[in-house]
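The residues making up each chain are set out below.
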Amino acid sequence: MPVIHLLSQSTIDKIAAGEVVERPLSVVKELTENAIDAGADAITVEIKEGGISLIRVTDNGCGIEKDQVKKAFLRHATSKITSIDDLNFVKSLGFRGEALSSIAAVAQVEVITKTEADITGVRYAISGGAEEELEEIGAPKGTTFLVRNLFFNTPVRKKFLKQPQTEGSYVSDMMEHLALSHPEIAIKFVQNGQIKFHTSGNGNLKEVIYRIYGRDIERALIPFEFNAEHFKVSGFIGKPEINRSNRNFETYFVNGRYVKNDIITKAVEEGYRAYLMQHKFPFFVFHFMMEPDMIDVNVHPAKMEIRLIQGNTLYEQLSQSVQKCLKEIELIPDVV
């Protein structure tokens, strides 16, 4: 009969990391969400070799208290919730407390952080889940994470990564979504030493769309806003002339988080139905505001999918509103 063993903490952490850290994209997503939750209004992300060799995320948020830095790397250590009841009212982007522990288990991590009240900051290095160094250091307010050599101690996982260029494209897409979800935050993305984009953080969503998609898209945007009992939505829909051949340009955020939800996708497409040719899809960027108890975000560790409590109601109201918006635009004559 097989003998039952208790796994070591190192093994447990590496197994847990497999659910949270799939590729460099996962690391960037977790660290940038933490930066936003820390109240940052400026975030810089730099990657090299698709994020495999280096990921640097710098923010000007509140920083981490010196006596809390080590605790932040423990599994299920989080400042976002304290009990199961809090899951019904989660407003932060992250809440599981698995990210830092999982990242540190499979990479060489260094964090430099300082709060506004402290005179000096702290530098903490942890590699493969093992603490290496903790020291005081001069630093500006905020936090910088450096993640080097992802999966250096799990070579099998590293073999499943794609080419650096492909991994970098995944991170680039995520950074675009981040900029679109938070036009009030100045976001700078640097890839292999080149600045890919840099938003101003002035809160103008249309300007962010222009910086990412270009002038032709920006000129074909229609402002959209709709308020219902259980949700509010604002943003832009594209005129039928810029309909796309895939769903990659259907972008929406719920309470600041980029998500996927079949009900929202199908509702907007239903509103567009009279304006879509076969195998064509609309361009839109929507921001939804919903009460936290109207959605379930505790579906998957990546927090990409959500469930809607009153999905049928949202479907009907959203599809009708999109259809009405497009019909009203047709009534406006072109000015020569």
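Going by the structure above, here's the rest.
Below or above, wherever it landed, is the structure these notes cover. (Residues numbered from 1 in each chain as written. Predicted model: local features only at pLDDT ≥ 70, side-chain atom pairs only at ≥ 80, totals over all residues. Heavy atoms only, no water.)

**What about the overall build of the protein?**
Definition in use: Strands here are runs of E lasting at least two residues and helices are runs of H or I lasting at least four, both read from the DSSP assignment and numbered beginning at the N terminus. Any pair of residues with heavy atoms lying within 4.5 Å of one another is described as a contacting pair. Here the accessible surface of atoms and residues is derived via Shrake-Rupley with a 1.4 Å probe, and residues count as covered only by protein chains that are part of the display.
Secondary structure assignment for the protein yields 10 helices and 15 strands. Considering only contacts in the protein between residues 6 or more positions apart, those separated by 24 or more positions represent 67%. Accessible surface computed for the protein: about 17,500 Å², of which carbon and sulfur atoms make up 50%.

**A closer look at the pattern of salt bridges**
Applicable threshold: Salt bridges are identified by distance alone: a Lys or Arg side-chain nitrogen within 4 Å of an Asp or Glu carboxyl oxygen. Categorising residues by exposure relies on relative accessible area from a 1.4 Å probe, with only protein chains included: less than 20% of the type maximum marks a residue as buried, more than 50% marks it as exposed, and the intermediate range marks it as partly exposed.
One pass over the structure, following the stated rule, counts 14 salt bridges. Of the charged contacts, one joins R123 and E110 as a salt bridge, the two residues approaching to 2.9 Å between their closest N and O atoms. Of this pair, R123 sits in strand β4 (residues 121-127) while E110 sits in strand β3 (residues 108-114), and the two are 13 residues apart along the sequence. Considered together, R123 and E110 belong to a single accessibility category, that of buried residues. Between E250 and R247 there is a salt bridge whose closest N-O contact spans 3.9 Å. Judged by relative accessible area, which is 41%, R247 ranks as partly exposed. A single network of salt bridges, built from pairs that share partners, joins E110, R123, E133, E135 and R148.

**A short note on the nonpolar core**
The cut-off we apply is this: By convention a nonpolar core is built from buried Ala, Val, Leu, Ile, Met, Phe, Trp, Tyr and Cys residues, the set being connected through side-chain atoms within 4.5 Å.
In this structure, F73, V109, M175 and I209 are the most contacted members of the largest nonpolar core, which totals 57 residues. Listed in part, the 26 residues of the second largest apolar core include F224, A228, I306 and L318.

**What to know about the packing of helix α6 (residues 164-181) against helix α7 (residues 205-213)**
To keep it simple, the criterion reads: Axis lines are fitted to C-alpha atoms, over the contacting stretch for helices. Their N-to-C directions set the angle, which ranges from 0 to 180 degrees. Angular relationships are summarised with four words: roughly parallel below 35 degrees, roughly antiparallel beyond 145, roughly perpendicular across 65 to 115, and oblique for the angles in between. Handedness of a crossing follows from how the near helix is turned relative to the far one, being left-handed for an anticlockwise turn of less than a right angle and right-handed for a clockwise one. Charged means Asp, Glu, Lys or Arg here, nonpolar means Ala, Val, Leu, Ile, Met, Phe, Trp, Tyr, Cys or Pro, and polar covers whatever is left, Gly included.
One way to put it is that α6 packs onto α7 with a least axis distance of 9 Å and a crossing angle of 160°. Taken together, the axes of α6 and α7 are roughly antiparallel relative to one another. As α6 runs across α7, the sense of the crossing is right-handed. Contacts from E176, A179 and L180 in α6 reach L205, V208, I209, I212 and Y213 in α7. Class assignment for the residues of the contact of α6 with α7 results in 7 nonpolar, no polar and 1 charged.

**Here we look at the side chain of E167**
Note the threshold: The term polar contact refers here to a pair of N or O atoms within 3.5 Å; inside protein, the definition further demands a hydrogen-donor-capable atom paired with an acceptor-capable atom, and it admits residues adjacent in sequence only when both atoms are side-chain atoms.
In this structure, E167 sits in helix α6. A polar contact is formed between the side chain of E167 and the side chain of R23, at a distance of 2.9 Å. Look past the residues within four positions of E167 in its chain and what remains in contact with it is R23, P24, G50, I52, L161 and K162.

**Comments concerning helix α9 (residues 262-272)**
Among the residues making up α9, those that are buried are I264, T265, A267, V268, E269, G271 and Y272. Between a side-chain oxygen at the N-terminus of α9 and the backbone nitrogen of I263 the separation is 3.0 Å; the capping residue is N261.

**Here's the deal with the packing of aromatic side chains**
Here is the rule: Only rings of Phe, Tyr and Trp enter the pairing, Trp through its six-membered ring, and a pair is recorded when the two centres are within 6.5 Å. The plane angle decides the type: under 30 degrees is stacked, over 60 is edge-to-face, the rest tilted. Placement of a charge over a ring requires the Lys NZ or Arg CZ to be within 6 Å of the ring centre, with the centre-to-atom vector within 35 degrees of the ring normal.
In the structure shown here, the tally under the stated rule is 13 aromatic pairs. Relative to F145, the ring of F73 lies with its centre 6.4 Å away and its plane at 55°, an arrangement referred to as tilted. Here F73 is found in the loop between α3 (69-72) and α4 (99-105), whereas its partner F145 is found in strand β6 (residues 142-148), with 72 residues between them in sequence. Here F73 and F145 have matching classes, each one buried. Where Y213 meets F249, the ring centres are 5.8 Å apart and the plane angle is 55°; that geometry is what we call tilted. Within this pair, whereas Y213 is found in helix α7, its partner F249 is found in the loop between β10 (231-238) and β11 (250-254), the two being separated by 36 residues in sequence. Counting every residue linked through ring pairs, the aromatic cluster contains F224, F226, F231, Y252, F284, F286 and F288. Sitting over the face of the ring of F249, R244 holds its NZ or CZ atom 4.8 Å from the ring centroid.

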